[in-house]
Amino acid sequence: MVIVMKLDATEKDIAKVEEKLAEHGFRAHLIRGVERIVIGAVGEKKREVVIDSLEMLPQVEKVVPIMSPYKLVSHTVKREKTLIDLGDGVVVGGKEIVVMAGPCAVENEENLCEVAEKVATAGAKVLRGGAFKPRTSPYSFQGLEEKGLEMMARARERTGLKIVTEIINAQDVPLVSAYADILQVGARNMQNFTLLKELGKQNRPVLLKRGLSATIEEWLMAAEYILSEGNYNVILCERGIRTFEQYTRNTLDVSAIPLVNIYSHLPVIADPSHSSGERRLVPALSRAAVAAGADGLLVEVHPYPEKALCDGPQSLTPQDFSLLMADLRKVALACGRTLTTADESAEGV
Ligand code: PEP
Ligand code: MN
């Protein structure tokens, strides 16, 4: 349930509500919106046990039940979009479309820095690159692990880009969060609840990919695990789902983007690379995702895709990426959003 406080509620009034909730075994999540202060209350007990006594407290305007199984991620709790502030003016969920780009896996420092510089020049704000790779085959390249994280951190220093990288198990949270600006949970781990809970206990933003066969509700419930532990910095990522179609690696579920925007306050981005598995489809899917209301994109870019150790066929060259960004800017502007590109910075606009 959501406890909506009156506009002039004081800290003391809020504390009284929180006390009452704790007494009845509910956990309180204070959400300060622009228009109102609400307290999201979650717990196993039925809300009827506490609802009357809450409504009698001073400065409680009303108590609203949340009908969906996900509570803290729902729009009922928070009307305004959640903004994920990565620092240095990079905000996911605001007017600006935030593009995250880079190789599937960190392979070596030279290639990583080359691609990082190029995607930064083209207007990307975040560098992607996996150091822990959850591969379908145990015989495929598994990633450079901590060495890869160090390379990502050095690429950040050189370019000013923020970094997003995948985490595949709960024990690695301290290690990966020591390097990354955003911790990525891959599709295969969307329901790794131990990992999700651990990520909820720290504050670094989490990029939560949709599972290969997950419904939108299962995906939002996975996000709920993170928020329920106290970390509200979650970005959702639609990365394509399994369907019967064989011409693509996965099927980009474009409708998931407006649906998430209807049901949740969390920002949502799209991954056109894993959705398609094919370089030539990436520009069209990127444009479609931005037009559908995505707050950003996660795009695989490799300086030499034909030599990539992982996902070469779906990786753009830096040059293709630059063209895509110029194209995307037009779509962004048509949708009332902004996107900074190489051209734009060159013109000093
Ligand atoms: C990735 O982005 O590197 C990745 C492995 O993607 P997914 O989890 O969506 O398959
Ligand atoms: Mn990949």
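Fair warning: this is a prediction, and the values are worked out from it, not measured in the lab.

**Thoughts on the overall build of the chain**
Part 1 of the argument: Within the chain one finds twelve helices and 14 strands.
Part 2 of the argument: For 349 residues, the compact-globule formula gives about 20 Å, and the C-alpha radius of gyration of the chain, at 21 Å, lands near that figure.
Part 3 of the argument: Dimensions of the chain, computed from the C-alpha atoms along their principal axes, are close to 65 × 45 × 40 Å.
Part 4 of the argument: The buried share of the chain, reckoned over its 349 residues, is 53%.
Part 5 of the argument: Partitioning the intrachain contacts of the chain with sequence separation of at least 6 by distance along the chain shows that 69% fall at a separation of at least 24.
Part 6 of the argument: Split by element, the accessible area of the chain, about 15200 Å² in all, is 52% carbon and sulfur.
Part 7 of the argument: Of note, the chain has its 42 positive side-chain charges centred 2 Å away from the centre of its 47 negative side-chain charges.

**Overview of the site of ligand 1**
Part 1 of the argument: If you check the shell around ligand 1, you find Arg-128, Lys-133, Glu-166, Gln-184, Gly-186, Ala-187, Arg-188, Lys-209, Arg-239 and His-274 and nothing else.
Part 2 of the argument: Take Ala-187: an N or O atom from its main chain is 2.8 Å from an oxygen atom of ligand 1.
Part 3 of the argument: Between an oxygen atom of ligand 1 and a side-chain N or O atom of Lys-209, the distance comes to 2.8 Å.
Part 4 of the argument: Relative to its unbound accessible surface of 290 Å², ligand 1 loses 96% to contact with the protein.

**Concerning the packing of helix α7 (residues 216–228) against helix α8 (residues 256–263)**
Two packed helices can be described by the angle between their axes and the distance between those axes.
Part 1 of the argument: In contact at an axis separation of 11 Å, α7 and α8 are set at 50 degrees when each is read in the N-to-C sense. Of the possible angle classes, the one that applies to α7 and α8 is oblique. In terms of crossing hand, the pair formed by α7 and α8 is right-handed. Note on element contacts: α8 touches α7 through Ala-256, Leu-259, Val-260 and Tyr-263, opposite Ile-216, Trp-219 and Leu-220.

**Topic: the pattern of salt bridges**
Part 1 of the argument: Scanning the model with the defined rule gives 18 salt bridges in all.
Part 2 of the argument: Here Glu-117 makes a salt bridge to Arg-158, at a shortest N to O gap of 3.2 Å. Here Arg-158 lies in helix α4 (residues 146–159) and Glu-117 lies in helix α3 (residues 109–122), a separation of 41 residues in the sequence.
Part 3 of the argument: The shortest N-O distance in the salt bridge between Asp-327 and Lys-330 comes to 3.8 Å. Here the residue Asp-327 and the residue Lys-330 both occupy positions in helix α11 (residues 318–334), the gap between them amounting to three residues, near one helical turn.
Part 4 of the argument: The class of Lys-330 is exposed, set by a relative accessible area of 58%.

**Some words on the packing of helix α10 (residues 282–291) against α11**
Part 1 of the argument: At a minimum axis distance of 9 Å, the contact between α10 and α11 shows a crossing angle of 25 degrees. In terms of orientation, α10 and α11 fall into the roughly parallel class. When you trace α10 past α11, the crossing you get is right-handed. Along the contact surface, α10 presents Val-282, Pro-283, Ser-286, Arg-287, Val-290 and Ala-291, while α11 presents Leu-324, Asp-327, Leu-328, Val-331 and Ala-332.
Part 2 of the argument: Of the residues that constitute the contact of α10 with α11, the class distribution is eight nonpolar, one polar and two charged.

**Focus: the packing of aromatic side chains**
Part 1 of the argument: Taken as a whole, this structure holds one aromatic pair when the rule is applied.
Part 2 of the argument: Aromatic pair Phe-193 and Tyr-225: ring centres 4.4 Å apart, planes at 25 degrees, arrangement stacked. Here Phe-193, found in helix α6 (residues 193–200), pairs with Tyr-225, found in helix α7; they are 32 residues apart in sequence, far enough to count as distant.
Part 3 of the argument: Just above the ring of Tyr-304 sits the side chain of Lys-307; from NZ or CZ to the centre is 5.3 Å.

**Here's the deal with the sheet that holds strand β13 (residues 268–270)**
Part 1 of the argument: Read around the closed barrel, eight strands run β7-β8-β9-β10-β11-β12-β13-β14, paired in parallel fashion. Along the sheet, successive strands turn relative to each other by an average axial angle of 25 degrees, direction set aside.
Part 2 of the argument: The sheet contact formed by β13 and strand β14 (residues 296–300) spans two bridges and is parallel. Counted as the bridge partner of Ile-269 is Gly-296 from β14.
Part 3 of the argument: With respect to the sheet, α7 is in contact with β11 (206–209), β12 (234–238) and β13, its orientation differing from that of β12 by roughly 160 degrees.

**Some points on the domain arrangement of the chain**
Part 1 of the argument: When cut into domains, the chain gives domain 1 (2–64) and domain 2 (84–346).
Part 2 of the argument: The C-alpha centroid of domain 2 is placed 36 Å from the C-alpha centroid of domain 1.

Thresholds, definitions, all that
- Residues numbered from 1 in each chain as written.
- Chains lettered and ligands numbered in written order.
- Predicted model: local features only at pLDDT ≥ 70, side-chain atom pairs only at ≥ 80, totals over all residues.
- Heavy atoms only, no water.
- Helix = DSSP H or I, 4+ residues; strand = E, 2+ residues; numbered from the N terminus.
- Rg over C-alpha atoms; globule rule 2.2 N^0.38 Å.
- Buried < 20%, exposed > 50% of the residue type's maximum accessible area, 1.4 Å probe, protein only.
- Contact = heavy atoms within 4.5 Å.
- Areas by Shrake-Rupley, 256 points an atom, 1.4 Å probe, with all protein chains shown as cover.
- Lys, Arg positive; Asp, Glu negative; His and termini not counted.
- Charge placed at Lys NZ, Arg CZ, Asp CG, Glu CD.
- Near = heavy atom within 4 Å.
- Polar contact = N/O pair within 3.5 Å; in protein donor to acceptor, adjacent residues only side chain to side chain.
- Axes fitted to C-alpha atoms, helices over the stretch in contact; angles between N-to-C directions.
- Parallel < 35°, antiparallel > 145°, perpendicular 65-115°, else oblique.
- Left-handed = near helix turned anticlockwise from the far one by under 90°.
- Salt bridge = Lys/Arg side-chain N within 4 Å of Asp/Glu carboxyl O.
- Nonpolar A, V, L, I, M, F, W, Y, C, P; charged D, E, K, R; others polar.
- Phe/Tyr/Trp six-rings, centres within 6.5 Å; stacked < 30°, edge-to-face > 60°.
- Lys NZ or Arg CZ within 6 Å of the ring centre and 35° of its normal.
- Pairing = 2+ DSSP bridges.
- Domains from an automatic or database assignment.

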